[in-house]
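Letter by letter, the chains look like this.
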2 protein chains.
Amino acid sequence: MNLRLAKRTQEITPFYVMALLRRAKQLEAQGKDVIHMEIGEPDFATPQAIVEAGVRQLKTGEVKYTPAAGLSELREKIAEFYRQRYSAAVDKERIFVTPGASGAFLLALGTSLNPAEELLMADPCYPCNSNFIKLFGGQAKTIPVDAASRYQLTAAQIKQHWTKATKGALIASPSNPTGTLIAPDQLKQAVHTVNELGGCFYSDEIYHGLVYDENASSALEFSDNVFVINSFSKYFGMTGWRVGWLIVPEEFACATEKLAQNIFIATATHSQYAALAAFDKHTQAELEHRRAEFEMRRDFLYDALLRLGFEIPIKPDGAFYIYANCAKFTDDSYQFALDLLEAEGVAVTPGKDFGLNEANHHIRFAYTTSIDRMSVAMQRLEKFINKG
Amino acid sequence: MNLRLAKRTQEITPFYVMALLRRAKQLEAQGKDVIHMEIGEPDFATPQAIVEAGVRQLKTGEVKYTPAAGLSELREKIAEFYRQRYSAAVDKERIFVTPGASGAFLLALGTSLNPAEELLMADPCYPCNSNFIKLFGGQAKTIPVDAASRYQLTAAQIKQHWTKATKGALIASPSNPTGTLIAPDQLKQAVHTVNELGGCFYSDEIYHGLVYDENASSALEFSDNVFVINSFSKYFGMTGWRVGWLIVPEEFACATEKLAQNIFIATATHSQYAALAAFDKHTQAELEHRRAEFEMRRDFLYDALLRLGFEIPIKPDGAFYIYANCAKFTDDSYQFALDLLEAEGVAVTPGKDFGLNEANHHIRFAYTTSIDRMSVAMQRLEKFINKG
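Keep in mind that what you see is a predicted model, and the values were worked out from it rather than measured.

So, about the overall build of chain A. Across its full length, chain A carries 13 helices and 12 strands. Its C-alpha atoms give chain A principal-axis dimensions of roughly 60 × 55 × 50 Å. When each of the 388 residues of chain A is scored for burial, the buried share is 65%. Accessible surface, chain A: about 13900 Å² in total, of which carbon and sulfur atoms supply 51%. Distance from the positive charge centre (40 side chains) to the negative charge centre (46 side chains) of chain A: 5 Å.

Shown next as structure tokens:
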């Protein structure tokens, strides 16, 4: 062990899927066809109006720093978005434009989490979330969840696991990897429970917009005393632009601005100008069209996986993932994923990237590729299972 | 005090210049002319070839995540830059493209600094540097420096102040705020001293290229066992694009990649493609032209400030700052800056933004505005001093 490396580097877990990705690239370099169902990134291009707004700004050549909190006009548009979509009034001063949701997490936890403090979160959940906590010397206290609560933390679990060391709770809805939404009244109870306990509530809403049956509720509908993390990456199709946002409780606004000044200076200027076009009527129409396409893919993949014998207790409500139980085929989903890639050229993400709770019995399938490609993937998967 | 705010938010200092900036904006809104000599950002637009490369990438619409460490082609170009400019061979695997130098600092300290560990650095220095250290629970141990060492830490000081708690030393050359370079043999000694002590050496080289008499040496010329922080912001004129880079000792490469995956996902894609054009021959010619303009400005401002009675023991070698001693006029340079702005509409940065060492006797002037505007500023400054 190297004594110069910070201890936190040993606590921060790598993504197991990276080994799969490396192998997938080798296979592709050898001319083998790999169908990518491991990627958490929409396959659509950025909407044209957003691209054009970015290009317009670049062509001025004046790509200077913006204020640390972001372009005033963009913060106003985000406030308007909450008024319209969620009937929630959010003071612009509480809104911070960030380098993706990653930047939002850095600010939210950097301003609130002390070393040794714990955050409650569901298992399974997105792995970066616990790693952000470890970055600041905190602890992720993961609580196993299942279909009974739609894979979401409940107010009862929050109360049950709360200790003196607990700083707050994090809920992601729709969830990555399960794609399930928390019901509005459950979210409300969770928010109120954390507020009563005097903690911080963090709501990861980065897959909002990508929901297919009913709308997702924002934590801001139930309280101003919440952190909300969101992004232009997923629904708005702007992954590579690295622009997201964070909403903080009023008392955190000054500290958040100070931290943003110090650790980012500002978010990329042209990305912010481009994002101004994200709320346009035409862009919205295009995005809704894409949402419908994702819904068809979900339906296709859900039916196909069930037919092959995977168990999916709840049909996912949103995001672009299905977290399928593969216990019928294997007790080691990581090895299953490696073998599937090797034998049939289908790349998926093993459950152990999302926690410990029944991880070896789960695989995450991302429907970020076309139904045509997924059809081929399902044929290959069927062949792989039947051989096994 | 709010118990929910993380303790580090109280340790992280705000920039005093922000109060001046706010007041400057108010004055401008009232129609008053303000000359900005407080801004650490080149006033030139981004070179055309860089803008065009960014636009080309955007127009593909495929603005997807790049690998966490950055575009392979850009990492190669950076390696080539070190071969050509510094005759230093740097393995591409040690090079990480980051969201500005800010991102480079986050990775360098995030992978190396444990809570309670100390970093030695000069006072005065750039304020964000100590704040990054505090972000991870570390301590900045600032050492007063003066003209005798060109405002740079010496190997002797590093040895003298080294304790069991010391993780390493940070040297910024050219320095912000003093603009002074460390001499090559001094840098070599400092690097070797830290290596012998088993610590980490961090070299902030973000103003490289903007030097006017002799070239700056990179720490990489003397050892592979160093962290080098650099950026496309200053010399390359890409502030708002948020793209920089970090070079790490080989043993830190894996941890750096893991941390980058978790806390950034990746640097903005179009900014990386744009940066590919930064090393082109035509771009380089344009940048050298700008460098010559900055040199003329330095000479103008240096002479003008001396004539007015400011003390500047060493003519700055680089960056775009002059750190002038104003003891002849005031014992409170912050109040001096506030009064100068109010009375004459000239904005400068007070010494206390850069540390404690004789801070109240210093003002930082940035020559990020034209000689014409600086001429007016000097007339106003003279008037202000004579009234005082």
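In this complex, chain B contributes 75 residues to the contact, which on the side of chain A involves 75 residues. Roughly 5900 Å² of surface becomes buried between chain B and chain A when both sides are summed, with 53% attributable to carbon and sulfur atoms. It is R4, Y65 and N262 of chain B that lose the most area in chain B upon contact with chain A, and together they represent 15% of the buried surface on that side. Counting the contacts that link chain B with chain A gives 2 salt bridges. Residues R4 of chain A and E251 of chain B are paired through a salt bridge, measuring 3.0 Å at the closest nitrogen-oxygen approach. Joining chain B to chain A, the criterion identifies 44 residue pairs in polar contact (both at pLDDT 80 or more). Elements with a contribution of two residues or more to the side of chain B that touches chain A: α1 (8–11), α3 (48–59), α5 (100–112), α6 (127–135), α9 (253–263) and α10 (269–275) of chain B. Grouping the constituent residues of the side of chain B that touches chain A by class yields 36 nonpolar, 26 polar and 13 charged.

Here we take up a negative patch on the surface. Residue and element names in this part refer to chain A. A surface patch of negative charge is lined by D91, E93, E250 and E257. Topologically, E257 is positioned in helix α9 (residues 253–263). Given a relative accessible area of 35%, E257 falls into the partly exposed group.

Inspection of every chain in the model, using the stated rule, returns 41 salt bridges over all chains. One salt bridge in this structure joins E80 of chain B and R83 of chain B, with 2.8 Å as the shortest N-O distance. Remark: R83 of chain B and E80 of chain B occur in helix α4 (residues 72–86); sequence separation between them is 3 residues, near one turn of the helix. A residue is classified by how much of its surface remains accessible, and E80 of chain B, at 31% relative accessible area, is partly exposed. The exposure class assigned to R83 of chain B is partly exposed, which follows from its relative accessible area of 41%. Each of D213, E295, R298, D299 and K315 of chain A takes part in a single network of salt bridges with overlapping partners.

All names here are of chain A. Between helix α2 (residues 17–29) and helix α12 (residues 333–344), the least distance of the axes is 10 Å, while the angle of their chain directions is 10°. It follows from the interaxial angle that α2 and α12 lie roughly parallel. Only Y334, A337, L338, L341 and E342 of α12 make contact with α2, whose side of the interface consists of A19, L20, R23, A24 and L27. Considering only residue class, the contact of α2 with α12 consists of 8 nonpolar, no polar and 2 charged.

Under the UniProt annotation, the feature "domain: Aminotransferase class I/classII large" (unreviewed entry) is placed at residues 32–381 of chain A. Its end C-alpha atoms 16 Å apart, residues 32–381 of chain A is made of 39% helix and 15% strand.

Further remarks concern the state of the cysteines. Simply put, disulfide is the name for a covalent bond between the sulfur atoms of two cysteines. Residue and element names in this part refer to chain A. Across all of its chains, the model carries 0 disulfides over all chains by this definition. Unpaired in terms of disulfides, C128 finds its nearest cysteine sulfur in C125, a separation of 10.0 Å. For C128, a relative accessible area of 1% puts it in the buried group.

One pass over the full model with this rule turns up 54 aromatic pairs over all chains. Seen from their ring centres, Y235 of chain B and F236 of chain B are 5.0 Å apart, and the 75° between their planes marks the pair as edge-to-face. Each ring, one from F329 of chain B and one from F336 of chain B, has its centre 6.4 Å from the other, and the planes form 25°; the classification is stacked. Classification of F329 of chain B by relative accessible area gives partly exposed; the value is 24%. Given the relative accessible area of 6%, F336 of chain B is considered buried. Each residue in the set F81, Y82, Y86, F232, Y235, F236, W245 and F279 of chain A is aromatic and connected to the rest through ring pairs, giving one cluster. Here the guanidinium or amino end of R75 of chain A rests over the ring plane of F96 of chain A, the centre of that ring lying 5.5 Å away.

Reading guide: rules and limits
- Residues numbered from 1 in each chain as written.
- Chains lettered and ligands numbered in written order.
- Predicted model: local features only at pLDDT ≥ 70, side-chain atom pairs only at ≥ 80, totals over all residues.
- Heavy atoms only, no water.
- Helix = DSSP H or I, 4+ residues; strand = E, 2+ residues; numbered from the N terminus.
- Buried < 20%, exposed > 50% of the residue type's maximum accessible area, 1.4 Å probe, protein only.
- Areas by Shrake-Rupley, 256 points an atom, 1.4 Å probe, with all protein chains shown as cover.
- Lys, Arg positive; Asp, Glu negative; His and termini not counted.
- Charge placed at Lys NZ, Arg CZ, Asp CG, Glu CD.
- Contact = heavy atoms within 4.5 Å.
- Buried area = accessible area lost by both parts, 1.4 Å probe.
- Salt bridge = Lys/Arg side-chain N within 4 Å of Asp/Glu carboxyl O.
- Polar contact = N/O pair within 3.5 Å; in protein donor to acceptor, adjacent residues only side chain to side chain.
- Nonpolar A, V, L, I, M, F, W, Y, C, P; charged D, E, K, R; others polar.
- Patch = residues over 30% accessible without salt bridge, like charges linked within 9 Å, V, L, I, M, F, W, Y side chains within 5 Å.
- Axes fitted to C-alpha atoms, helices over the stretch in contact; angles between N-to-C directions.
- Parallel < 35°, antiparallel > 145°, perpendicular 65-115°, else oblique.
- UniProt positions renumbered as here; feature names shortened; annotations may be inferred.
- Disulfide = S-S within 2.5 Å.
- Phe/Tyr/Trp six-rings, centres within 6.5 Å; stacked < 30°, edge-to-face > 60°.
- Lys NZ or Arg CZ within 6 Å of the ring centre and 35° of its normal.

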